[in-house]
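Chain by chain, the residues:
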Amino acid sequence: MQDFDAVVVGGGPAGAVAARIAAETGARVLLLEVRATIEEPTACAGLVSPRTLSILGASAACVVRRPRDVALHTPDGTTLAVSTTTERALVIDRSILENELLERARAAGVDVRIGAEATAWVDGVVRFVGPAGADSARGGVLVGADGPESRVATWAGLGRVASLRAAQVEAEAKGREPEDDVVRVFVGRTVAPGFFAWSVPAQPGRLRIGLAVRDDADPTSCLHELLARHFPRHRVIVQVKGRIPLPSSEPTTARDVLLVGDAAGHVKPLSGGGLYFGGLCARLAGRAAARAADPGARASELARYERLCRSLLGPETRFGAAARAVRDALEDADWKDVLKILDHRELLAVAAEKADLDHLRNMVPHLVAHPRTWRSLVALWSFVAARSPSGTAGSGIAGPNDAPL
């Protein structure tokens, strides 16, 4: 039986980064990834900020689009479009990104096992089944990077994060449809109960179209309705299902276990995107796992890891929770009025210039400081306050003195 300082379960971006950082910190690391191939499609739109690649330690090889236009669609057909003059978003090929991150982990000395399913963690020993059959390895710390339905969380007695049901297709235009370079967001309870739908430009001629819904709704039927209404001239190439995690306040560490990425709810509260927040916390997880290999330092290192992650994500999570409560309080008929209020030239100009995919709360002080946006802001505030649960309309919003993460 081989001995390792840390065993990472899950070879997605968070797991690969955590494993690499642990190895670079001096740990002997084993990474187990259950998928037999990293080419399998996922229910990931692949829309990230440019800074995300540097956080993950990836190159631009995975970038397939650099969109600068966004459109918000309401259930009644009203649309609000915003364009940026600077690059604020990238669309990536997830499989290229993951393969690169795993190669970087290997180069750092991580023992990467593809097609290896972890089956148990007992007394510091991980059991797994790989292409060669059943095996086991001893590890000082177990890192759970195995998604919102984390087995590692269950083994450690930690709660699983809440999540939404998601479905996504990759579709190509039929005939000579013009190229769609716009990131589109579709809102409304009848469109995607409990969340929203999206369309993201991918490889030439293709779109990633998907949505997420709460557990009591059917994402497949909602997606079919979305496709029929907005994309009748697109042919589905592949369809995938999955789960989108929600931010969690539950503990993410146990005696010799820590969770990271989707397994820990390290995601953006409005979109569920986990690559940026997951990458930030994965770097912390890698260092914590390496240092916690020393039994004498284990408890303090795991506690420090959890404290640092909460400090990093807390402000944006609180802002996102407040914004999500407002969004969920709106009826379908309300969205037309919301877009009418937002359709203000100065407000849209400031939003386009200051928008940040990763830190939406930091745009608020810029809007407040602009003298010509007041009328729209006051109107929007009054409108949503009348429809929001008590106390949520203004909570979590950053002030001018709030520092970005």
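Just above sits the structure.
Please read all numbers here as calculations on a predicted model, not as lab measurements. (Residues numbered from 1 in each chain as written. Predicted model: local features only at pLDDT ≥ 70, side-chain atom pairs only at ≥ 80, totals over all residues. Heavy atoms only, no water.)

**So, the overall build of the protein chain**
Check the secondary structure of the protein chain and you find 11 helices and 17 strands. For the protein chain, the C-alpha atoms occupy an extent of roughly 65 × 50 × 40 Å along the three principal directions. The buried share among the 405 residues of the protein chain stands at 53%. A separation threshold of at least 6 residues defines the contact pool for the protein chain, and within that pool the share at least 24 residues apart is 72%. Just so you have it, the protein chain exposes about 17,600 Å², and 52% of that area is on carbon and sulfur atoms. With 49 positive and 47 negative side-chain charges, the protein chain shows a spacing of 3 Å between the two charge centroids. (Helix = DSSP H or I, 4+ residues; strand = E, 2+ residues; numbered from the N terminus. Buried < 20%, exposed > 50% of the residue type's maximum accessible area, 1.4 Å probe, protein only. Contact = heavy atoms within 4.5 Å. Areas by Shrake-Rupley, 256 points an atom, 1.4 Å probe, with all protein chains shown as cover. Lys, Arg positive; Asp, Glu negative; His and termini not counted. Charge placed at Lys NZ, Arg CZ, Asp CG, Glu CD.)

**With respect to the pattern of salt bridges**
On inspection of all chains with the given rule, the structure shows 26 salt bridges. A salt bridge links Glu87 to Arg66; its shortest N-O distance comes to 3.1 Å. Highlighted residues: Glu87 in the loop between β6 (79-83) and β7 (90-92) and Arg66 in the loop between β4 (63-65) and β5 (69-73), separated in sequence by 21 residues. Relative accessible area serves as the criterion here: at 31%, Glu87 is assigned to the partly exposed category. The shortest N-O distance in the salt bridge between Asp111 and Arg113 comes to 2.9 Å. The exposure class assigned to Asp111 is partly exposed, which follows from its relative accessible area of 23%. Linked by salt bridges that have partners in common, Glu170, Glu172, Arg206, Arg208 and Arg235 make up one network. (Salt bridge = Lys/Arg side-chain N within 4 Å of Asp/Glu carboxyl O.)

**Some details on the packing of aromatic side chains**
Counted by the stated rule, this structure contains 4 aromatic pairs. Between Phe196 and Trp198, the aromatic rings sit 6.0 Å apart at their centres with planes inclined by 70°, giving edge-to-face as the arrangement. Relative accessible area serves as the criterion here: at 12%, Phe196 is assigned to the buried category. On the accessibility criterion, Trp198 (8% relative accessible area) is buried. Seen in terms of ring centroids, Tyr276 and Phe277 are 5.5 Å apart; in terms of plane orientation they differ by 40°. Their pairing is tilted. Neither residue differs from the other here; Tyr276 and Phe277 are each classed as buried. Three or more aromatic residues joined by ring pairs make a cluster, and in this case those are Phe195, Phe196 and Trp198. Over the face of the ring belonging to Tyr276 we find Arg51, whose NZ or CZ atom lies 5.7 Å from the ring centre. (Phe/Tyr/Trp six-rings, centres within 6.5 Å; stacked < 30°, edge-to-face > 60°. Lys NZ or Arg CZ within 6 Å of the ring centre and 35° of its normal.)

**Looking at helix α6 (residues 275-291)**
When the terminal C-alpha atoms of α6 are compared, their 24 Å separation across 17 residues agrees well with the 24 Å that a helix rising 1.5 Å per residue should span. Across the 17 residues of α6, 14 count as buried, placing the element largely inside the fold. (Expected span 1.5 Å × (residues − 1).)

**Quick word on the pairing of β5**
Sheet topology note: the β5/β6 ladder contains 5 bridges and is antiparallel. For Leu72, the partnering residue across the bridge sits in β6 and is Leu80. Between β5 and the antiparallel strand that follows it, β6, lie 5 residues; Gly77 among them carries a positive phi value of about 100°. One ladder, built from 5 bridges, connects β5 with strand β13 (residues 182-186); its direction is parallel. Within β13, the residue paired with Ala71 across the bridge is Arg184. (Pairing = 2+ DSSP bridges.)

**Comments concerning the nonpolar core**
One finds Leu97, Val260 and Tyr305 to be the most contacted residues of the largest nonpolar core, which totals 50 residues. Take this core: its biggest share by element is 11 residues, from α6. If near-sequence neighbours (up to four positions away) are discounted, Leu97 is found in contact with Pro13, Leu53, Leu56, Ala58, Cys62, Ile92 and Leu275. Within the second largest apolar cluster, 32 residues are counted, among which are Leu330, Val350, Leu367 and Phe383. (Core = buried A, V, L, I, M, F, W, Y, C linked by side-chain atoms within 4.5 Å.)

**Quick notes on the side chain of Glu98**
In this structure, Glu98 sits in helix α3 (residues 94-107). Only 2.6 Å separates the side chain of Glu98 from the side chain of Arg35, close enough to count as a polar contact. Discounting chain neighbours no more than four positions away, the residues touching Glu98 are Gly11, Gly12, Pro13, Arg35 and Ile38. (Polar contact = N/O pair within 3.5 Å; in protein donor to acceptor, adjacent residues only side chain to side chain.)

**Considerations on the side chain of Thr84**
Along the chain, Thr84 turns up in the loop between β6 and β7. Separated by 3.0 Å, the side chain of Thr84 and the backbone oxygen of Thr86 make a polar contact. Not counting residues within four places of it along the chain, the set of residues in contact with Thr84 comprises Arg68 and Ala352.

**Some details on the packing of helix α8 (residues 334-342) against helix α11 (residues 374-385)**
Taken N-terminus to C-terminus, the directions of α8 and α11 make an angle of 160°; their axes are 9 Å apart at the nearest point. On the basis of the axis angle, α8 is roughly antiparallel to α11. Considering how the two elements wind past one another, α8 and α11 form a crossing that is left-handed. Every residue of α11 that contacts α8 at Asp334, Asp337, Val338, Ile341 and Leu342 is listed here: Ser376, Ala379, Leu380 and Phe383. (Axes fitted to C-alpha atoms, helices over the stretch in contact; angles between N-to-C directions. Parallel < 35°, antiparallel > 145°, perpendicular 65-115°, else oblique. Left-handed = near helix turned anticlockwise from the far one by under 90°.)

**Comments concerning the sheet that holds strand β12 (residues 163-173)**
With mixed pairing, 7 strands are arranged side by side in an open sheet as β6-β5-β13-β14-β15-β12-β16. At either end of the open sheet lies a strand with only one pairing partner, and these are β6 and β16 (234-245). For this sheet, the mean angle separating the axes of adjacent strands, direction not counted, is 15°. Here β12 runs beside strand β15 (residues 206-213); their pairing, made up of 8 bridges, is antiparallel. In the strand pairing of β15, Glu170 is matched with Arg208.

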